[in-house]
Amino acid sequence: MAEVQVESGAVRRWLSGLARGNRRWIHGSVVAGTLAGVATIVQMAVLARIVHLGVIEKASAEMLAPLFAGLVLAIVLRAIAQGAQTHLAAKCSEQVRRTARRQIHRYWRNCGPLALGQTSAGSLAREWIDHVDALHGYFARFLPQMALSLIVPLMILVLVFYLDWLAGIFLILSAPLIPLFMALVGMGAEKLNQQHFEVVSRLSGQFLDKVRGLTTLQLFGQTDSAAELIQQRSDHYRRITLKTLRIAFLSSAVLEFFASVAIAVIAIYIGFGLLGYITYGPSPDLTLFSGLLILLLAPEFFQPLRTLSQYYHDRAAALGAGAEILARLGDEELAPPAGNHEDEGIDEHLSFAAPDSDSGTIQLNSVSLAFRADHSILTDVLLTVAKGEVIALTGPSGSGKSTLLHLLAGFLAPDSGDIQVFGKPAGSFAFGWLGQSGFLVHGTWADNLRLTSPNVSDVAIETALRNVGLGPLLDSREEGIYSKVAEDGQGLSGGQARRLSLARIFVADYDLILLDEPTAGLDSDTEIFVLEALHKLALAGKTLIFSTHHHALLALANRVLLVSGGEIKDV
């Protein structure tokens, strides 16, 4: 995880920006919660009236029947309103988390694979899944409850003051204790939750790295030390988790204590008032109905505040997760657009634009790039590549061949100059890519080819596999294109895995294909298959640009460029 400190104010602004486009869901949840509060007040009033009529006035069952019907109706309405509140709050949370993931996805795309490769995949996955999911409680529970903790107690307080102003004063005096203690708890909980997310992100990355390198660790006899390191990190995570739980349980216990004491004071006042021991103020006018109603409403008065105190930990968790996410995003506090984006796909800035058919060249205009001030990779490069050309990049190791491919792909941005690929900025349209190590996912051959073309037919997949020389292997497998393969290529040799990755290019039918050392590490037989596949692409009019030292690949190109000393020259 990037060691970037994020101010709590910046996290709050980011969370407010996420909520801005989903206010209607939050307002709807508050309205539904308010209706549930009204139904609760009606329910308690009807219940107190039933007890008063039955005990004091000895009313018959026939007289009480309408009140019982009203009681059942109030309970049903309360349940419906609470269900609507939960549904609207969940809808708000869903939209907010979708927006947050869209921001993270946009950041990943802007960084490109080179920058993201510096961060553990475990940390990135943790941020995408758990950190974003930690925002759920804040938007689904805490934000609506903040408004309800003011609206519902005020309604109850007005009614209590109408029934007995002295009981209302008791409620007013005891109510601030809960928010005050809640704020004190929140000061420590926020920092602890942020530390919790930092630890779990680091642990996820370290665990994934150790699993990926398990074979290497076994070869060098370092499995015991790796296991001990994971155990130490896990124990540290356990201690942080227990601290978080301890604060949650202790704070809930203390808040319950304050609320119980306040309710007990109200009960004592009502009891002594009904017995005639208290004659001050409105006490002599207390009846069983008014006293019982006040006593029934007292827990409901504190309930929204107690619920808010429970959800305050959701706020702390959201602030901790938000700090981690913003540390990743850096200065890109991307404010979500207003309105509902339920049906919106990936952000429009991320969508690939089709190549401009009116521009048939790739142009580098005065492009310069330096990773360090004393180490220039490319200096004021001017280059034009016509559509359909087959370009081979050659030169000594470290001269910038792979860097040039990364610039054309949009994985890197030049320090100066401009790159236009078929009339579009580099990286703004779909292109074929084959790096020095192919990318596979755990699944079938067909799953891997459908990564780039989800709707491609089985026939097209089989044709692409035969184009890269995997026909005989395909015929020997009973499952055919649905043969299994692991993400590390298990089930295939290194050359077969490379050709499976190359087959994606045939399936997707890209106009521009970039390849970084496509025959590196392959045996002579596999090299022949790759060369034949690239020759088919060249005959199809595709623009091929690849880096290589291989003489056969150089012969395949109709133009060879020497990359050396920051310059690019035709050979």
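Rules used in this analysis
- Residues numbered from 1 in each chain as written.
- Predicted model: local features only at pLDDT ≥ 70, side-chain atom pairs only at ≥ 80, totals over all residues.
- Heavy atoms only, no water.
- Axes fitted to C-alpha atoms, helices over the stretch in contact; angles between N-to-C directions.
- Helix = DSSP H or I, 4+ residues; strand = E, 2+ residues; numbered from the N terminus.
- Parallel < 35°, antiparallel > 145°, perpendicular 65-115°, else oblique.
- Left-handed = near helix turned anticlockwise from the far one by under 90°.
- Contact = heavy atoms within 4.5 Å.
- Salt bridge = Lys/Arg side-chain N within 4 Å of Asp/Glu carboxyl O.
- Buried < 20%, exposed > 50% of the residue type's maximum accessible area, 1.4 Å probe, protein only.
- Pairing = 2+ DSSP bridges.
- Phe/Tyr/Trp six-rings, centres within 6.5 Å; stacked < 30°, edge-to-face > 60°.
- Lys NZ or Arg CZ within 6 Å of the ring centre and 35° of its normal.
- Core = buried A, V, L, I, M, F, W, Y, C linked by side-chain atoms within 4.5 Å.
- Polar contact = N/O pair within 3.5 Å; in protein donor to acceptor, adjacent residues only side chain to side chain.
- Patch = residues over 30% accessible without salt bridge, like charges linked within 9 Å, V, L, I, M, F, W, Y side chains within 5 Å.
- Areas by Shrake-Rupley, 256 points an atom, 1.4 Å probe, with all protein chains shown as cover.
- Nonpolar A, V, L, I, M, F, W, Y, C, P; charged D, E, K, R; others polar.

Before going further, it helps to examine the packing of helix α2 (residues 23–55) against helix α5 (residues 136–163). Where α2 meets α5, the axes come as close as 9 Å, and the angle between the chain directions of the two elements is 30 degrees. On the basis of their axis angle, the class for α2 and α5 is roughly parallel. Handedness of the α2/α5 crossing: right-handed. The segment α2 lies against α5, with I26, S29, V30, G33, T34, G37, V38 and I41 engaging L143, P144, A147, L148, I151, V152, M155, I156 and L159.

A separate point is the pattern of salt bridges. For the structure shown, the criterion picks out 16 salt bridges. For D570, the salt bridge is made with R559, and the minimal N-O distance between the two is 2.7 Å. In this pair, D570 sits in strand β12 (residues 567–570) while R559 sits in strand β11 (residues 559–564), placing the two residues 11 residues apart along the sequence. On the basis of relative accessibility, which here comes to 18%, the residue R559 falls in the buried class.

Strand order in the open sheet made by the four strands is β2-β1-β4-β5, with antiparallel pairing throughout. The open sheet is flanked by β2 (375–386) and β5 (424–425), the only strands paired with a single partner. Two elements, strand β1 (residues 361–372) and strand β4 (residues 416–421), share five bridges in a ladder whose sense is antiparallel. Bridge pairing links S368 to S416 in β4. Strands in contact with helix α11 (residues 401–409) are β1, β2 and β4; relative to β1, the strand with the most contacts, it is inclined by about 120 degrees.

Here we take up the packing of aromatic side chains. Counted according to the given criterion, the structure contains nine aromatic pairs. Geometrically, the ring pair formed by F301 and F302 is edge-to-face, given 5.1 Å between the ring centres and 85 degrees between the ring planes. Like F301, the residue F302 is buried in the burial classification. The ring of W128 has R101 sitting right over it, with the charged end atom 5.9 Å from the ring centre. Here the guanidinium or amino end of K387 rests over the ring plane of F422, the centre of that ring lying 5.3 Å away.

Okay, the pairing of β4 next. In the sheet, β4 pairs with β5 via two bridges, with the strands oriented antiparallel. Bridge pairing links V421 to K424 in β5. Hairpin connection, β4 to β5: the antiparallel pair is bridged by two residues, and F422 has positive phi, about 55 degrees.

Right, let's get into the sheet that holds β12. Sheet architecture is open: six strands sit in the order β6-β9-β10-β3-β11-β12, paired in mixed fashion. Looking at which strands have only one partner, the edges of the open sheet turn out to be β6 (432–434) and β12. With direction set aside, neighbouring strand axes in the sheet form an average angle of 20 degrees. Across four bridges, β11 lies against β12 in antiparallel orientation. Paired with S564 across the strands is E567, a residue of β12.

L465, L502 and L534 are the most contacted members of the largest nonpolar core, which totals 42 residues. With eight residues, the top contributor of residues to this core is helix α15 (residues 494–508).

Here we take up the side chain of E389. Within the element layout of this structure, E389 appears in the loop between β2 and β3 (390–394). The exposure class assigned to E389 is buried, which follows from its relative accessible area of 18%. Polar side-chain contacts of E389 include one of 2.7 Å to the backbone nitrogen of A386. Excluding residues that lie within four positions of it along the chain, E389 makes contacts with T384, K542, T543, L544, N558 and R559.

To continue, consider unusual backbone geometry. One non-glycine residue, S366, adopts positive backbone phi at about 55 degrees. When you line up the elements, S366 lands in strand β1. Note on S366: relative accessible area 32%, which makes it partly exposed. Phi at D509 is positive, roughly 60 degrees, even though this residue is not glycine. If you trace the backbone, D509 turns up in the loop between α15 and β9 (512–516). For D509, a relative accessible area of 51% corresponds to the exposed category.

Let us now look at a nonpolar patch on the surface. Taken together, the side chains of F161, W165, I169, I172, L173 and Y280 define a hydrophobic patch exposed on the protein surface, amounting to about 580 Å² of accessible area. Ranked by the residues each element gives to the nonpolar patch, the list is headed by helix α6 (residues 165–174), at four residues. Here L173 is to be found in helix α6. Classification of L173 by relative accessible area gives exposed; the value is 61%.

What follows deals with the pairing of β3. Most of β3 is tucked away, with five of its five residues classed as buried. Bridge analysis of β3 against strand β10 (residues 543–547) gives four bridges, and the strand direction is parallel. Across the sheet, A392 pairs through a bridge with F546, a residue of β10. Where β3 lies against β11, four bridges are found, and the strand directions are parallel. Pairing of I391 across the sheet is with R559, part of β11.

Turning next to α11. Counted residue by residue, α11 has eight buried out of nine residues, so it is predominantly covered. For α11, the full list of buried residues reads K401, T403, L404, L405, H406, L407, L408 and A409. Looking one or two residues beyond α11, the residue adopting positive phi is G410, at roughly 90 degrees.

Moving on, we get to the packing of helix α13 (residues 458–467) against α15. Between two packed helices, what matters for the description is the angle formed by their axes and the separation of those axes. Close contact between α13 and α15 brings their axes to 8 Å; oriented N to C, the two are set at 125 degrees. Regarding the angle of α13 to α15, the classification is oblique. Where α13 crosses over α15, the handedness of that crossing is right-handed. Seen from α13, the contacting residues are A460, I461, A464, L465 and N467; seen from α15, they are L500, A503, F506 and V507. Residues that form the contact of α13 with α15 fall into these classes: eight nonpolar, one polar and no charged.

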